[in-house]
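Descriptive structure summary
These are the residues of each chain, in order.
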Amino acid sequence: MRRLTPALFALCLIAGCTGRDAVRDAGDSTRSLVRVDLSYTHTAGTAAAEVRFDAQAHFVRYRSFDPAGVPTMLGFTDYDGIPLDSCRSFDGTAALDEALGADGTTHGLPAEVALLDAGRIDVRGPADRAALQPAHYPELLPFVSGVVYGGDDTHPIALGLGQSYQVSGEGGEEVGPFAATVTAPRSFPTLVLEALRRGSDFDVRWAKEAETEPTEALLLEVKWSSRQGGSRAVRCRVRDDGEFSVARESFELLPAGNALTGGTVTATRLQRGTLAAPGVGRGEFSVELRDVAPLQVTP
């Protein structure tokens, strides 16, 4: 069963989440965010057919937050704000603090987020279908309110490269009926890596999309953790042409070898479509193919 994301739980602890009526009363300051994300993740060193499926659906109404910070606060990785063929360094703790503000408010107004009930949600792949499971926040946490949806680990949707996927909702108390379709990418962006040399650019290579020209940028993430510095990442949004060099300046905060506790490189290829959910607004439906490899660092 889908579990609540730590980042979203942390958001509620810091900012406080109130019931849907309070957010609805916010008037013109109310905004929305709609996302349904399907992902298939392959790990280097495993068989090509071994992939991990995940699904998430969020129907969000909020006020007072700067829209640029909402993905961070909800635990999403926001690449759209990164210019094409460039990278940004990311510190999760600092980003969350900046998005919320020092006192948990924006422009002097209390922050409020409601996760809306969209009723039953079904995802259909090329070979099978499954319902996304709603998860309610516990009543023991009265400042947390709403519903998030996730895939059931025991009933994954089979992968169909280059095939069509559909998501549909019957509608709930706050979100009306909807349907959206997207075609999955045709292939995984299989990584081909050498070790990262300290003080040098990091050359990343991957398998290009099969047969067709890509319509979306490729997303790269180089992430590491250390004993004292926590976790950091360098995220890049690049052309899906098979290679990209991450500038050495991006790794100035990479800790010494004995302090580095782990690291990964992830390449994500995706396709997105438009999803219109009556009662909350327009958003997106995406299918992502991810390839993950360990980060190796040499002096």
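The structure we're discussing is the one just above.
First, a word on scope: everything that follows refers to the structure included in this document. (Residues numbered from 1 in each chain as written. Predicted model: local features only at pLDDT ≥ 70, side-chain atom pairs only at ≥ 80, totals over all residues. Heavy atoms only, no water.)

**As for the state of the cysteines**
Counted under the stated rule, the structure contains one disulfide. Shown here is the disulfide that connects cysteine 87 with cysteine 236, its sulfur atoms set 2.0 Å apart. Residues cysteine 87 and cysteine 236 are joined through a disulfide that is right-handed, its torsion about the S-S bond being 105°. On the criterion of sequence distance, the pair formed by cysteine 87 in strand 3 (residues 86-91) and cysteine 236 in strand 16 (residues 230-238) is long-range, its members being 149 residues apart. The class for cysteine 87 is partly exposed, based on a relative accessible area of 25%. (Disulfide = S-S within 2.5 Å. Helix = DSSP H or I, 4+ residues; strand = E, 2+ residues; numbered from the N terminus. Buried < 20%, exposed > 50% of the residue type's maximum accessible area, 1.4 Å probe, protein only.)

**So, the sheet that holds strand 14 (residues 202-206)**
On the basis of which strands lie adjacent, the open sheet formed by three strands has the order 12-14-17 and antiparallel pairing. Only two strands of the sheet have a single partner each, and these edge strands are strand 12 (191-193) and strand 17 (243-246). Adjacent strand axes in the sheet meet at a mean angle of 25° when their direction is disregarded. Relative to strand 14, strand 12 is paired through three bridges, and the arrangement is antiparallel. The partner of leucine 191 across the bridge, within strand 14, is tryptophan 206. (Pairing = 2+ DSSP bridges. Axes fitted to C-alpha atoms, helices over the stretch in contact; angles between N-to-C directions.)

**Looking at the pairing of strand 1 (residues 30-43)**
Counting buried positions along strand 1 gives 10 out of 14 residues, so the element sits mostly inside the fold. In terms of strand pairing, strand 1 meets strand 2 (residues 52-63) through 12 bridges, oriented antiparallel. Pairing of serine 32 across the sheet is with arginine 61, part of strand 2.

**Considerations on the environment of phenylalanine 53**
Within the secondary structure layout, phenylalanine 53 lies in strand 2. Separated by 13 residues in sequence, phenylalanine 53 and tyrosine 40 place their C-alpha atoms 4.7 Å apart. Excluding residues that lie within four positions of it along the chain, phenylalanine 53 makes contacts with Leu38, Ser39, Tyr40, Pro156 and Ile157. (Contact = heavy atoms within 4.5 Å.)

**Section: the side chain of aspartate 152**
Relative to the elements of secondary structure, aspartate 152 occurs in the loop between strand 9 (147-150) and strand 10 (164-169). Within the local environment of aspartate 152, its side chain forms a polar contact with the side chain of threonine 154, the two groups lying 2.8 Å apart. (Polar contact = N/O pair within 3.5 Å; in protein donor to acceptor, adjacent residues only side chain to side chain.)

**Some details on the nonpolar core**
Core analysis: the biggest nonpolar cluster contains 32 residues, and Phe59, Ile121, Val167, Phe178, Leu275 and Phe285 have the highest contact counts within it. Those residues in contact with leucine 275 that lie beyond four places of it in its chain are Val34, Val36, Val167, Phe178, Ala180, Gly281, Arg282, Gly283, Glu284 and Phe285. Grouped together as the second largest cluster of nonpolar side chains are 20 residues, Val204, Val222, Val234 and Val246 included. (Core = buried A, V, L, I, M, F, W, Y, C linked by side-chain atoms within 4.5 Å.)

**Considerations on the pairing of strand 17**
Alternating positions in strand 17 separate cleanly, Phe244 and Val246 being buried on one face and Glu243 and Ser245 remaining unburied on the opposite face. Sheet analysis places strand 14 next to strand 17, joined by four bridges and oriented antiparallel. Bridged to phenylalanine 202 within strand 17 is valine 246.

**Concerning the environment of glycine 146**
Within the element layout of this structure, glycine 146 appears in the loop between strand 8 (129-136) and strand 9. In the structure, glycine 146 is positioned 11 residues away from alanine 135 in sequence and 8.5 Å away in space, judged by C-alpha atoms.

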